[in-house]
Amino acid sequence: AAPVQVRLVVPITVVFGPGSVPRDLPRPLPFRDVQEVEISVNLRTSVMSRYEMHYRRTTGQEEAALAAATAREADAALHPLQDTTMGSLTMYVVSETSSLLPQGISVYVGKHRSALVRAVGSLAALQARLREVTQVMSFTASSIATALSDRVPNGQLSPDARRYLKSSLGYEITFSLLNPDPKSHTVDWDIEGAVNRYVKPVLDKLSLVANFSVDSQILYYAVLGVTPRYNKESSSFLLSAHSLPHVINPVEARLGSSAASLYPVLNFLLYVPERSHSPLYIHDKDGAPVSTNAFHSPRWGGIMVYNVEAPVSSQASLPLHVDVDMTRVMEVFLAQLRLLFGLSQEEVPSEFLLESPGNEGLADWELDHLLWAHTVENIATVSTTLTSLAQLLDKIGNIVIKDDVASEVYRAVASVQSAVTKLSLGHLHAAFQASKEAVTSSERAFFDPSLLHLLYFPDDQKFAIYIPLFLPMAVPILLSLAKIVRETRLRKKEPTKMD
């Protein structure tokens with residue numbers, strides 16, 4: 001694919017509160033400063049990240065907001081006063097002795113697009129800390145490499161890179177309740193209420209990234225396909241880590257949702273073990289029980305085992321009625337959903353405190369984190385698709401490109417150029433929208449029906465089809481031609497009779 005030259009610009013406002021200005025500022029406030037870092041993906045692809053820092057002092061309103069009792073209150077009071085453009089960040093530097101940040105915490109990341117940072121003596125030390133915060137809140141070299149995973153040499157990718165979902169224009173989410181033993185258990189789950197309460201707020205926020213559809217189903221007599229091991233000590237059944245991959249295939253055959261889907265399908269399965277295998281616990285690689293009793297599969301979804309308490313009296317009538325605790329289940333599924341979208345924050349330094357996003361499921365800066373990665377991935381995808389299309393058209397000499405295919409190609413190229421330009425101006429939202437349009441146009445062009453049939457009928461195939469039709473007719477024609485030629489030659493050789 002052609003080299004992709006992308007510049008990611010992050011506008012950052014650094015606001016110094018009272019008593020937090022470093023002693024060694026190069027010039028009086030306010031002033032601007034630019035830092036550039038190159039992220040090398042492979043020999044032909046590199047991404048420039050450019051941090052445009054604007055340093056200033058607090059305004060009266062901001063000072064009043066920073067006088068709040070807790071970091072959370074300060075974050076809420078500062079939110080209306082700051083630039084909330086997607087992709088931009090605001091860092092409030094508070095004095096070293098500030099009581100806003102708890103003991104041992106030097107950075108508080110709020111749920112919008114700002115952070116509180118404890119001052120350090122010199123500007124260089126502060127900039128190093130700000131760079132750490134910026135990477136958590138926008139993108140890191142590894143998140144960009146993951147977005148461009150198709151171009152990265154395999155050994156250089158983090159193990160998590162293959163876990164995240166590829167960028168797509170839409171996703172389908174399916175919640176399935178598996179009840180393999182309906183004779184013993186009648187299971188009720190309020191999936192509609194749970195989706196409205198827990199999943200909808202998250203998807204409303206993510207609706208900017210892609211379209212989502214949610215459905216649910218209950219499957220009876222669907223078993224895991226792996227027989228759990230009985231453990232005498234705990235009188236329970238165990239599923240070990242190495243047997244988990246074998247659980248998915250038999251179950252997936254019953255789900256039946258991905259076959260007819262245009263978009264990637266995420267499966268979240270709640271499994272109520274049959275009475276003969278209860279209680280059932282999942283153990284990790286070290287043999288320790290997994291606290292959530294759930295596991296996830298990269299780019300596929302997750303499975304949670306929901307144990308039913310055995311009745312106190314052995315005479316209890318079957319089937320037992322089970323009401324699923326949806327809060328406990330949805331906490332696990334939402335954590336897995338975040339994990340699949342690459343929103344788990346595992347690499348955060350210990351002195352960072354991240355505000356929980358609350359019932360929205362993800363913070364504003366986490367949404368930006370997704371937009372950065374998906375925009376870069378979309379640009380790379382379009383570049384690859386158009387290059388493949390060009391190579392294909394070169395191979396097929398007699399191809400006719402219809403006007404609508406040509407216009408889709410032009411539109412895809414224009415949209416990619418627009419996305420790259422918008423990124424270099426720091427307009428993340430507009431860049432993402434342009435990259436989505438580019439993906440749509442390039443795929444329309446690539447999968448156009450007028451090109452598809454030519455793909456499947458190259459010239460040698462045409463010969464293979466037509467020769468059996470023409471050969472029976474051609475044989476007598478060729479034989480009679482040969483006869484005519486022979487007779488003509490004989491006639492020429494015969495000497496003409498002279499009277």
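Residues numbered from 1 in each chain as written. Predicted model: local features only at pLDDT ≥ 70, side-chain atom pairs only at ≥ 80, totals over all residues. Heavy atoms only, no water.

J.: I tried to follow the overall build of the chain on my own but got confused; where do I start?
T.: Looking only at helices and strands, one finds twelve helices and 17 strands in the chain. A globule of 499 residues ought to have a C-alpha radius of gyration of about 23 Å, yet the chain, at 32 Å, is considerably larger. Expressed along its principal axes, the backbone C-alpha trace of the chain runs to roughly 135 × 80 × 35 Å. Classification of the 499 residues of the chain by burial places 47% in the buried group. Sequence-distant contacts in the chain: of pairs separated by 6 or more residues, those separated by 24 or more amount to 76%. Counting only carbon and sulfur atoms, one obtains 56% of the accessible surface of the chain, whose full area is about 25,900 Å². (Helix = DSSP H or I, 4+ residues; strand = E, 2+ residues; numbered from the N terminus. Rg over C-alpha atoms; globule rule 2.2 N^0.38 Å. Buried < 20%, exposed > 50% of the residue type's maximum accessible area, 1.4 Å probe, protein only. Contact = heavy atoms within 4.5 Å. Areas by Shrake-Rupley, 256 points an atom, 1.4 Å probe, with all protein chains shown as cover.)

J.: What should I look at first to understand the sheet that holds strand β3 (residues 46-57) in this one?
T.: Two pairing modes exist for strands in a sheet, parallel and antiparallel, and in both the strands are linked by backbone hydrogen bonds. Spatially, seven strands are ordered β2-β3-β1-β4-β6-β5-β17 in an open sheet, and the strand pairing comes out mixed. A single partner strand is all that each edge strand has here, and the edge strands are β2 (31-40) and β17 (352-354). Within the sheet, the average angular offset between the axes of one strand and its neighbour, ignoring direction, is 20 degrees. Running over the sheet, helix α8 (residues 364-395) touches β1 (5-16), β5 (107-109) and β17 and is turned about 160 degrees from β1. (Pairing = 2+ DSSP bridges. Axes fitted to C-alpha atoms, helices over the stretch in contact; angles between N-to-C directions.)

J.: Is there a simple way to think about the UniProt feature "transmembrane region" (unreviewed entry) in the chain in this case?
T.: Under the UniProt annotation, the feature "transmembrane region" (unreviewed entry) is placed at residues 463-485. Strand forms 0% of residues 463-485 and helix 100%; the C-alpha atoms that close the span are 28 Å apart. (UniProt positions renumbered as here; feature names shortened; annotations may be inferred.)

J.: Explanation requested: the packing of aromatic side chains in the structure shown.
T.: Any aromatic ring pair is given by two values, namely how distant the centres are and how the planes are angled relative to each other. Considering all chains together, one arrives at twelve aromatic pairs under this definition. Ring plane angle 80 degrees and centroid distance 5.1 Å describe the contact between tyrosine 171 and phenylalanine 341, whose orientation is recorded as edge-to-face. One end of the pair, tyrosine 171, is in strand β7 (residues 170-179); the other, phenylalanine 341, is in the loop between α7 (326-340) and β17, and 170 residues separate them in sequence. The class for tyrosine 171 is buried, based on a relative accessible area of 1%. Accessibility expressed as a relative area gives 6% for phenylalanine 341, which makes it buried. Through successive ring pairs, a cluster of aromatic residues spans Phe16, Phe31 and Tyr55. (Phe/Tyr/Trp six-rings, centres within 6.5 Å; stacked < 30°, edge-to-face > 60°.)

J.: I tried to follow the domain arrangement of the chain on my own but got confused; where do I start?
T.: Put simply, an interface is often sized by how much accessible area is lost when its parts join up. Domain assignment breaks the chain into domain 1 (170-341), domain 2 (366-452) and domain 3 (458-498). Measuring from the centre of the C-alpha atoms in domain 1 to the corresponding centre in domain 3 gives 73 Å. (Domains from an automatic or database assignment.)

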